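Per-entry structural report
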Amino acid sequence: MFSLNIIFTEMRLNKRSLMIWTAVLAIVIFIYLSSYTFMEEMNVVEMIEGYPDIFTTGLGMGPEMFGDVNVYYGGLVMLYGLLLASIYAMMLAGSMVSRDSDLGTVEFLYTRPLTRTTVLLSKVLSFMVMMFFLWAVAYLISAVIGRVWVAPDEFDLGAQLLAHLMGLLACLAAGGVAFAVAPLINRVQGTTSIAIGFGFAFFIFNSLGNMYDPLRFMKYLSISYYADLTGASSGQVPVTGLIILLLVFLAGVAIGTVLLNRKDFTD
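So, a few notes on the structure that sits alongside this text. (Residues numbered from 1 in each chain as written. Predicted model: local features only at pLDDT ≥ 70, side-chain atom pairs only at ≥ 80, totals over all residues. Heavy atoms only, no water.)

**Observations concerning a nonpolar patch on the surface**
Taken together, the side chains of I27, F30, I31, Y32, V144, V148 and W149 present a nonpolar region at the surface, about 740 Å² in accessible area. Of all the elements in the fold, those that place two or more residues in the nonpolar patch are α2 (15–34) and α8 (116–150). It is α2 that contributes the most residues to the nonpolar patch, four residues altogether. Topologically, V148 is positioned in helix α8. (Patch = residues over 30% accessible without salt bridge, like charges linked within 9 Å, V, L, I, M, F, W, Y side chains within 5 Å. Areas by Shrake-Rupley, 256 points an atom, 1.4 Å probe, with all protein chains shown as cover. Salt bridge = Lys/Arg side-chain N within 4 Å of Asp/Glu carboxyl O. Helix = DSSP H or I, 4+ residues; strand = E, 2+ residues; numbered from the N terminus.)

**Thoughts on the packing of aromatic side chains**
Evaluation of the coordinates by the stated rule reveals eight aromatic pairs. Arranged with centres 6.0 Å apart and planes meeting at 40°, the rings of F30 and W149 form a pair that is tilted. Here W149 lies in helix α8 and F30 lies in helix α2, a separation of 119 residues in the sequence. Plain terms: the ring middles of Y80 and F203 are 5.4 Å apart, the flat faces sit at 50° to each other, and that makes the pair tilted. Within this pair, whereas Y80 is found in helix α6 (residues 69–103), its partner F203 is found in helix α10 (residues 188–211), the two being separated by 123 residues in sequence. Cluster of aromatic residues (ring-pair linked, three or more members): Y220, Y225 and Y226. (Phe/Tyr/Trp six-rings, centres within 6.5 Å; stacked < 30°, edge-to-face > 60°.)

**Topic: the side chain of S224**
Tracing the backbone through its elements, the reader meets S224 in helix α11 (residues 223–227). Not counting residues within four places of it along the chain, the set of residues in contact with S224 comprises L79, L82, F202 and N206. (Contact = heavy atoms within 4.5 Å.)

Treat this as a map of the structure, not an account of what it does.
Quick look at the structure:
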């Protein structure tokens, strides 16, 4: 079912990008979470109350965001962190599949005594391990900054663990989308472009769905909506979102497996 050689090879090939994106996410968390005390001193809550609702709601910057460090971190900091992480997740998943066609390694890889299903599932498992590492580091950094520095008595480690779990599931779902599309593309550049496009589309759909009631349906097309980071950071388990994100991931992998097994590499 799995090939350890492929799993370790993928992790070795993508180690550098994983370290870079993990560092970027860590920097975002450090800058914006540590800014919470500064915003408290500026009395941002009163400033935000004067802004139009359509602006504050769409960007997830309502007054309630700045009155609770947990809601602020989960609903605002992690929202933008998820934007970056989901783009990386789709770039990573897509490149794992399209790279073989792009570099010509498919002729070597798929002539070995391994089924295409085994190859893909091995890549999926390595993807899952790397996503877990990304979000584990993000959680540890947020726990240290939030509990030791920013708000020792208020930062809820349990609620934030749930929020990071939902972020992980959202990235797995994003990766599932990439795994489903990647067999149709023969260039890494193509999957990268799709990853960036889908990443921003998910973010924009969620924002537009929150801003305009006639466009409310659009947020149901976004992984950000199902992750419900604001609710999760408050300790509320988004059961429906959790199930849907898992189903999207599994469906994406299943579709990718079918398409990869049907793909003709002789063209």
